[in-house]
Amino acid sequence: MEPIITHEYEIEQAPEAYNIIKERKPYLGLVLKYDTDKRIEDKVILKSPKPFKNKRR
């Protein structure tokens, strides 16, 4: 898998990682790394964009 990973970020850098996707910058594989032993106190809720409405008739 290593050859297809183009970006790696710590979970604290998630907003920066998502900006790559949002701004359509070139990437192939993007990995968010986090400590599996660390207890997470805060919840993060990701909202999906509104569904695409096809206006064809």
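Our subject is the structure that appears above.
Residues numbered from 1 in each chain as written. Predicted model: local features only at pLDDT ≥ 70, side-chain atom pairs only at ≥ 80, totals over all residues. Heavy atoms only, no water.

Caption draft 1: Quick look at the overall build of the protein chain. Of the regular secondary structure elements, the protein chain holds one helix and two strands. Burial analysis of the protein chain (57 residues in total) assigns 9% to the buried set. The contacts of the protein chain with a sequence gap of at least 6 include a subset with a gap of at least 24, amounting to 25%. For the protein chain, the accessible surface area stands at approximately 6300 Å², while carbon and sulfur atoms represent 54% of it. (Helix = DSSP H or I, 4+ residues; strand = E, 2+ residues; numbered from the N terminus. Buried < 20%, exposed > 50% of the residue type's maximum accessible area, 1.4 Å probe, protein only. Contact = heavy atoms within 4.5 Å. Areas by Shrake-Rupley, 256 points an atom, 1.4 Å probe, with all protein chains shown as cover.)

Caption draft 2: Seen up close, the pairing of strand S2 (residues 30–33). When strand S1 (residues 7–10) meets S2, the two strands line up parallel, connected through four bridges. The partner of His7 across the bridge, within S2, is Leu30. As a crossover connection, the stretch from S1 through helix H1 (residues 14–22) into S2 is right-handed. (Pairing = 2+ DSSP bridges. Right-handed = clockwise from strand over helix to strand, strands pointing away.)

Caption draft 3: Broad picture of the environment of Gly29. Positionally, Gly29 belongs in the loop between H1 and S2. Taking relative accessible area as the criterion, Gly29 reaches 13% and is therefore assigned buried. Residues Gly29 and Ile4, spaced 25 residues apart in sequence, show a C-alpha to C-alpha distance of 5.5 Å.

Caption draft 4: Geometry of H1. Turning to H1, its buried residues are Ala14, Ala17 and Ile20. Angular distribution of buried residues about the axis of H1 spans 115°; they occupy a single face of the element. Opposite the buried face of H1, by more than 90 degrees, sit the exposed residues Pro15 and Lys22. Buried residues in H1 make contact with S1 and S2. Remark: Arg24 follows H1 within two positions and exhibits a positive phi of approximately 55°. (Arc of directions from axis to C-beta.)

Caption draft 5: Main features of a nonpolar patch on the surface. Taken together, the side chains of Tyr18, Ile21, Tyr27, Val44 and Leu46 present a nonpolar region at the surface, about 520 Å² in accessible area. Overall, Ile21 belongs to the partly exposed group, its relative accessible area being 37%. (Patch = residues over 30% accessible without salt bridge, like charges linked within 9 Å, V, L, I, M, F, W, Y side chains within 5 Å. Salt bridge = Lys/Arg side-chain N within 4 Å of Asp/Glu carboxyl O.)

Caption draft 6: How the structure looks around the pattern of salt bridges. Following the criterion strictly, the structure yields three salt bridges and no others. With its nearest N and O atoms 3.4 Å apart, the salt bridge here joins Lys33 to Glu8. Here Glu8 lies in strand S1 and Lys33 lies in strand S2, a separation of 25 residues in the sequence. For Lys33, a relative accessible area of 33% gives the class partly exposed. One salt-bridge network, in which partners are shared between bridges, spans Glu8, Glu10 and Lys33.

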